[in-house]
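As a plain string of letters, each chain reads:
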Amino acid sequence: MMKIIPAIDIIDGKCVRLSKGDYSTKKIYNEDPVEVAKEFESFGIQFLHLVDLDGAKSKHVVNQKVLENIAGGTSLHIDFGGGLKTQQDIETAFNAGAKQITLGSIAVQNPEFCFEMMQKYGPEKIILGADCENRKIKTSGWLEESDHDIIDFILQYQEKGIQTTICTDIAKDGMLEGPSTGLYIEILYKTSVQLVASGGISGIADVYKMKDIGCTGTIIGKAIYEGKISLQQLQNFIENA
């Protein structure tokens, strides 16, 4: 069954969404992320993708209290990302209730550290964040571009035992114009990772499309907050699956 994974992005402790990762496009959807998470859970959703956007920008975990409050107030399986640069950051996230963490920028900047963390915590606890634009991996809250091609980047970590990758095509993120299906098909064909698709979901048909091409999970953000997909539709998808 493909996992339905709503996203909560945090700035200043509030639930927000951006378009194409641009912080100037910030739109606040709820002052209380815990309330949002509880509503997700009430519709049978079991997973949550929680991103500390303040942490991604400042390069250290900032909103661990939000993680702690959601983990304490729900039974959601939370994967947490944003600002995870040191082992202390990672321990902070796990201690606050994250079941998995997503390593993005640091996976580009310091792969040896990430390989060490995979050994320490187990590869099932670490998700590779592969966020790209024009196939090039971007870092630091998508503010900096690297020279890494998306496929080569994933294969580098696959060789070290990574199991799950979240891939966001930044050009699609928050645009409600459909996901980067061709790119995801290529990743599924050229690698053996469990792929979680992220970015561009515009309606429930896109969710079924991601399931049909073989994605392990789909992260859904703005489509929920803008009413393009209802939580009832997602509940029906989960129950039918």
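Residues numbered from 1 in each chain as written. Predicted model: local features only at pLDDT ≥ 70, side-chain atom pairs only at ≥ 80, totals over all residues. Heavy atoms only, no water.

**Student:** Looking at this structure, how should I read the environment of Lys 228?
**Tutor:** Tracing the chain through its elements places Lys 228 in the loop between α10 (222-225) and α11 (231-240). Through-space distance from the C-alpha of Lys 228 to that of Ile 204 is 8.0 Å; in sequence the pair is 24 residues apart. When near neighbours in sequence (up to four residues on either side) are disregarded, Lys 228 contacts Leu 176, Ser 202, Gly 203, Ala 223 and Gln 233. (Helix = DSSP H or I, 4+ residues; strand = E, 2+ residues; numbered from the N terminus. Contact = heavy atoms within 4.5 Å.)

**Student:** Where do I start with the packing of helix α4 (residues 87-95) against helix α6 (residues 111-121) in this structure?
**Tutor:** Angle between the axes and distance between the axes are the two parameters that describe a pair of packed helices. Running from N to C, α4 and α6 cross one another at 40°; their axes reach a closest spacing of 11 Å. On the basis of the axis angle, α4 is oblique to α6. Seen from above, α4 lies across α6 with right-handed handedness. Counted together, Gln 87, Ile 90, Glu 91 and Phe 94 of α4 and Phe 113, Met 117, Lys 120 and Tyr 121 of α6 form the full contact between these two elements. Here the contact of α4 with α6 is composed, by residue class, of 5 nonpolar, 1 polar and 2 charged. (Axes fitted to C-alpha atoms, helices over the stretch in contact; angles between N-to-C directions. Parallel < 35°, antiparallel > 145°, perpendicular 65-115°, else oblique. Left-handed = near helix turned anticlockwise from the far one by under 90°. Nonpolar A, V, L, I, M, F, W, Y, C, P; charged D, E, K, R; others polar.)

**Student:** Looking at this model, I keep getting lost on α6. Mind explaining?
**Tutor:** Spacing of three or four residues puts side chains on the same side of an α-helix, whose turn is 3.6 residues. Those residues of α6 lying buried are Pro 111, Phe 113, Cys 114, Phe 115, Met 117, Met 118 and Tyr 121. Here the buried face of α6 lies against α4, β6 (100-103), α5 (105-109), β7 (126-133) and α7 (150-158). Just downstream of α6, Gly 122 is the residue with a positive phi angle, here 95°. (Buried < 20%, exposed > 50% of the residue type's maximum accessible area, 1.4 Å probe, protein only.)

**Student:** Just checking my understanding: could you explain the nonpolar core for this structure?
**Tutor:** One broad rule of soluble globular proteins: the nonpolar side chains tend to lie buried together. Counting 68 residues, the largest nonpolar core has Ile 8, Ile 150 and Ile 187 as its most contacted members. The element that contributes the greatest number of residues to this core is α6, accounting for 6 residues. Each residue touching Ile 150, except ones within four places of it in the same chain, is listed here: Ala 130, Cys 132, Arg 135, Ile 137, Cys 167, Leu 183 and Ile 187. (Core = buried A, V, L, I, M, F, W, Y, C linked by side-chain atoms within 4.5 Å.)

**Student:** So what exactly am I meant to see when it comes to helix α8 (residues 181-190) here?
**Tutor:** Buried within α8 are the following residues: Thr 181, Leu 183, Tyr 184, Glu 186 and Ile 187. Against β7, α7, β10 (164-169), β11 (194-198) and α9 (204-213) lie the buried residues of α8.

**Student:** So what exactly am I meant to see when it comes to the packing of α8 against α9 here?
**Tutor:** It is at 10 Å that the axes of α8 and α9 come closest, and there the two elements cross at 20°. In terms of orientation, α8 lies roughly parallel with respect to α9. Seen from above, α8 lies across α9 with right-handed handedness. Note on element contacts: α9 touches α8 through Lys 209, Met 210 and Ile 213, opposite Thr 181, Tyr 184, Ile 185 and Leu 188. Considering only residue class, the contact of α8 with α9 consists of 5 nonpolar, 1 polar and 1 charged.

**Student:** Would you mind showing me how to read unusual backbone geometry here?
**Tutor:** For residues that are not glycine, phi is negative in most cases, and the peptide bond is trans in most cases. In this model, Lys 59 sits at a positive phi of 70°, which is unusual for a non-glycine residue. Considering the arrangement of structural elements, one finds Lys 59 in the loop between α2 (53-58) and α3 (64-73). What makes Lys 59 partly exposed here is its relative accessible area of 39%. Even without being a glycine, Arg 135 presents a positive backbone phi close to 75°. The residue Arg 135 is located in the loop between β7 and β8 (136-139) in this model.

**Student:** Help me out: how do you make sense of the packing of aromatic side chains in this one?
**Tutor:** Two numbers describe a pair of aromatic rings. These are the distance of the centres and the angle of the planes. As enumerated under the stated definition, the model contains 6 aromatic pairs in all. On the numbers, 4.9 Å between centres and 70° between planes, the contact of Tyr 208 with Phe 237 is edge-to-face. Taken together, the residues span a long stretch of sequence, with Tyr 208 in helix α9 and Phe 237 in helix α11 at a distance of 29 residues. Given the relative accessible area of 34%, Tyr 208 is considered partly exposed. (Phe/Tyr/Trp six-rings, centres within 6.5 Å; stacked < 30°, edge-to-face > 60°.)

**Student:** It is not clear to me how the pattern of salt bridges should be interpreted in this structure. Could you clarify?
**Tutor:** Close approach of charged atoms allows side chains of opposite charge to pair. Tallying each qualifying case throughout the model produces 7 salt bridges. Across the pair Arg 135 and Asp 149 runs a salt bridge whose closest N-O atoms are separated by 3.1 Å. Taken together, the positions of Arg 135 in the loop between β7 and β8 and Asp 149 in strand β9 (residues 144-149) put the pair 14 residues apart, joining distant regions of the chain. Using a relative accessible area of 31% as the deciding quantity, one classes Arg 135 as partly exposed. Judged by relative accessible area, which is 18%, Asp 149 ranks as buried. (Salt bridge = Lys/Arg side-chain N within 4 Å of Asp/Glu carboxyl O.)

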